[in-house]
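Per-entry structural report
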Amino acid sequence: MSHTSLFSPFASKSLELDNRIVMAPMTRNFSPGGVPDQAVVDYYRRRAESGVGLIVTEGTVIERPASKNEANIPNIYGEGLAGWAKVVEAVHAAGGKIAPQIWHTGAAFGRNPQWRPTPMDTPSGISLSDEAVGEPMTEADIADTIAAFGRAAGDAKRLGFDAIELHGAHGYLIDEFFWAHTNRRTDVWGGATIGERTRFAVEVLKAARAAVGPDFPIIIRLSQWKGGHWDNKLAADPAEMEAWLQPLVDAGANILHASQRRFWEPEFEGSDLNFAGWAKKVTGVPTITVGSVGLNGEFIAAFGGAASEPQSLDELLRRLDRGDFDLVAVGRAILNDPEWVAKVRDSRHDDLKAFSPAAFATLY
Ligand SMILES: Cc1cc2nc3c(=O)[nH]c(=O)nc-3n(C[C@H](O)[C@H](O)[C@H](O)COP(=O)(O)O)c2cc1C
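Just so we're clear, the structure is a prediction, and the values are computed from it rather than from any experiment.

Topic: the site of the ligand
The immediate surroundings of the ligand are formed by 18 residues, with Pro25, Thr27, Arg221, Ser292 and Arg332 found nearest. Between the ligand and Gly331, the relevant distance is 2.8 Å, taken from an oxygen atom to a main-chain nitrogen or oxygen of the residue. Coverage of the ligand by the protein amounts to 96% of the 610 Å² it exposes when considered alone. Considering only residue class, the shell around the ligand consists of eight nonpolar, eight polar and two charged.

Written as structure tokens, this is what we have:
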């Protein structure tokens, strides 16, 4: 199948991309003290050199005492900003475009159980696995967190990033407000419907928009699933999906990044549209799909040690050509092989590598 549509340009606000391939955000834990160093600079530069359309960085956390759940996650405040400035400069020098994924890990635990922030910021003091983790956030905590997201967005623009992505997926803080299981609040930050529970994300988006101005693209990443709750549905049907997503678009989101583990899985019965397909259909804004692009195994299994083989892009291209979504995020295939985009572009299919979880241990 022809790759033409994958290598056609895309534009949103001030962002102009040469192609539709996005490097998916992937936490690497290689930033001691929260500051990206030269190894991180070189890691992103290599992907830009290979022609990735847009790099979305690993999650990088806002200025709150409990915003990260692993020690070596990078910060997007304080000294972390100088490290990110070097990454942006190197990616631009290689002809690439880059957006930081702005993050607060909320009550989702990291891989090291000994390293846990306290007190945790959570809507209702409950972790994804039902553990009591402290007091619900106060009004002051919420206001400070929203302001910190806004500052990070403004700093990202000042550093020269080309867009920002807010991490609103996978059971982290923003998503904990979306999910009734972790958001049991009875004040304005909670509510019985998904529409009501968008309030926190809406205020974060408004703060980010106020900080970056009208022409700078804002992406928000969303998922139905949460860690350990793979079949969860925040939106059970298209009407609920619209009630969830339209307020986010109205508050300033330009692109929705619809996170799935396998992009070909239908979102609702009766249609083969995936999450990105439905997100675009109910809101009309551009969307990014993701999940096992170019590989035959999914990423949670990879954390458990599973390898994957290269897989044809035909089904992905069929959906892209049909207009289901606009951009395609690729995670492990690009983590594993910095030259993945160039190999696909130049039809060097025999050179595509199998994915080995050993790739997680280094930052090449
Ligand atoms: C090592 C690793 C770290 C990840 N870290 C993040 C992250 O910081 N933020 C995020 O939204 N998703 C994260 N993800 C999920 C990826 O962005 C992506 O959605 C997932 O890997 C599926 O894409 P793939 O099948 O192409 O790998 C991570 C995935 C991996 C493998």
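Additional details are given in the paragraphs that follow.
Quick look at the sheet that holds strand β3 (residues 21-23)
The strand order β3-β4-β5-β6-β7-β8-β9-β10 describes a closed barrel built from eight strands, whose pairing is parallel. The sheet shows a mean angle of 25 degrees between the axes of neighbouring strands, taken without regard to direction.

Examining the side chain of Asn75
Among the structural elements, Asn75 can be located in the loop between β4 (54-61) and α2 (80-93). Classification of Asn75 by relative accessible area gives buried; the value is 8%. At a separation of 2.8 Å, a polar atom in the side chain of Asn75 contacts the side chain of Lys68. With sequence-adjacent residues up to four places away left out, Asn75 is seen in contact with Gly33, Gly34, Thr60, Val61, Lys68, Gly80, Leu81 and Trp84.

Remarks on the environment of Arg345
Looking at the element boundaries, Arg345 is found in helix α11 (residues 340-345). Note on Arg345: relative accessible area 41%, which makes it partly exposed. Apart from residues lying up to four places away in sequence, Arg345 is in contact with Phe7, Ser50 and Gly51.

Some words on the pattern of salt bridges
Evaluated as defined, the whole model comprises 28 salt bridges. The closest approach of N and O atoms between Lys226 and Asp175, which form a salt bridge, is 2.7 Å. Of this pair, Lys226 sits in the loop between β7 (218-223) and α6 (238-250) while Asp175 sits in helix α4 (residues 173-178), placing them 51 residues apart in sequence. Assigned by exposure class, Lys226 and Asp175 land together as buried. Across the pair Glu265 and Arg262 runs a salt bridge, and its minimum N-O distance is 3.2 Å. According to the relative accessible area criterion, Glu265 is partly exposed, its value standing at 32%. What emerges from the salt-bridge pattern is a single network uniting Asp272, Glu315, Arg318, Arg319, Arg322 and Asp324.

Notes on the packing of helix α1 (residues 38-49) against α2
One can describe the packing of α1 onto α2 by two numbers: an axis separation of 9 Å at closest approach and a directional angle of 25 degrees. Classified by the interaxial angle, the pair formed by α1 and α2 is roughly parallel. Relative to α2, the crossing made by α1 is right-handed. Across from Val40, Val41, Tyr44, Arg45 and Ala48 in α1, the residues of α2 making contact are Trp84, Lys86, Val87, Ala90 and Val91. Across the contact of α1 with α2, the residue classes break down as eight nonpolar, no polar and two charged.

What about the nonpolar core?
In summary, soluble globular proteins display a tendency toward joint burial of nonpolar side chains. In this structure, Trp244 and Trp340 are the most contacted members of the largest nonpolar core, which totals 96 residues. Beyond its immediate stretch of four places on either side in the chain, Trp244 contacts Phe178, Ile194, Thr198, Leu222, Ser223, Gln224, Leu234, Ala235 and Phe275. By size, the runner-up hydrophobic cluster in this structure holds 15 residues, among which are Phe10, Ala99, Ile255 and Val290.

Quick look at the pairing of strand β8 (residues 255-259)
Put simply, side chains in a regular strand alternate between the two faces of the sheet. For β8, a buried count of five out of five residues is recorded, marking the element as mostly surrounded by other parts of the structure. Covered by surrounding structure in β8 are Ile255, His257 and Ser259 together with Leu256 and Ala258, the residues of both alternating faces. Across five bridges, β7 lies against β8 in parallel orientation. Among the inter-strand pairings, Ile219 is bridged to a residue of β8, identified as Ile255. In this fold, the crossover linking β7 to β8 by way of α6 has right-handed handedness. Here two bridges tie β8 to strand β9 (residues 287-290), and the two strands are oriented parallel to one another. What sits directly across from His257, in β9, is Ile288. Note on the crossover from β8 through helix α7 (residues 275-283) to β9: the handedness is right-handed.

Parameters at a glance
- Within each chain, residues carry numbers counting from 1 in the order of the written sequence.
- In keeping with the predicted nature of the model, local features appear solely for residues at pLDDT of at least 70, side-chain atom pairs appear and are counted solely at 80 or more, and the whole-chain, interface and lining totals rest on all residues.
- Calculated side-chain values reflect all of the structure's heavy atoms, with hydrogen atoms and water omitted.
- Working definition: residue near molecule or strand if any one of its non-hydrogen atoms lies within 4 Å of it.
- Think of a polar contact as two N or O atoms within 3.5 Å of one another; within protein, one of them needs to be a possible hydrogen donor and the other a possible acceptor, and neighboring residues in sequence only count if both atoms come from side chains.
- The Shrake-Rupley method, run with a 1.4 Å probe sphere, supplies the accessible areas, and residue values consider only the shown protein chains as cover.
- Side-chain classes are defined by residue name, with Ala, Val, Leu, Ile, Met, Phe, Trp, Tyr, Cys and Pro counting as nonpolar, Asp, Glu, Lys and Arg as charged, and the others, Gly among them, as polar.
- Between any two strands, pairing holds if DSSP finds at least two bridges.
- Helix and strand assignments follow DSSP, with helices taken as H or I runs no shorter than four residues and strands as E runs no shorter than two, numbered in order from the N terminus.
- Inter-axis angles, ranging from 0 to 180 degrees, are taken between N-to-C directions of lines fitted to C-alpha atoms, where helices are fitted over the stretch in contact.
- Burial classes follow relative accessibility: with a 1.4 Å probe on protein chains only, a residue under 20% of its type's maximum area counts as buried, one over 50% as exposed, and anything between as partly exposed.
- Any two residues having at least one pair of non-hydrogen atoms within 4.5 Å are treated as being in contact.
- For this analysis, a salt bridge means a side-chain nitrogen from Lys or Arg found within 4 Å of a carboxyl oxygen belonging to Asp or Glu.
- Relative orientations are named as follows: roughly parallel for angles under 35 degrees, roughly antiparallel for angles over 145 degrees, roughly perpendicular for angles from 65 to 115 degrees, and oblique for any other angle.
- Take the far helix as the reference: if the near one is turned anticlockwise from it by less than a right angle, the crossing is left-handed, and if turned clockwise, right-handed.
- Definition used in this section: a nonpolar core is a set of buried Ala, Val, Leu, Ile, Met, Phe, Trp, Tyr and Cys residues joined via side-chain atoms within 4.5 Å.
- We call a crossover right-handed when, viewed with the strands running away from us, the connection from the first strand over the helix to the second turns clockwise.

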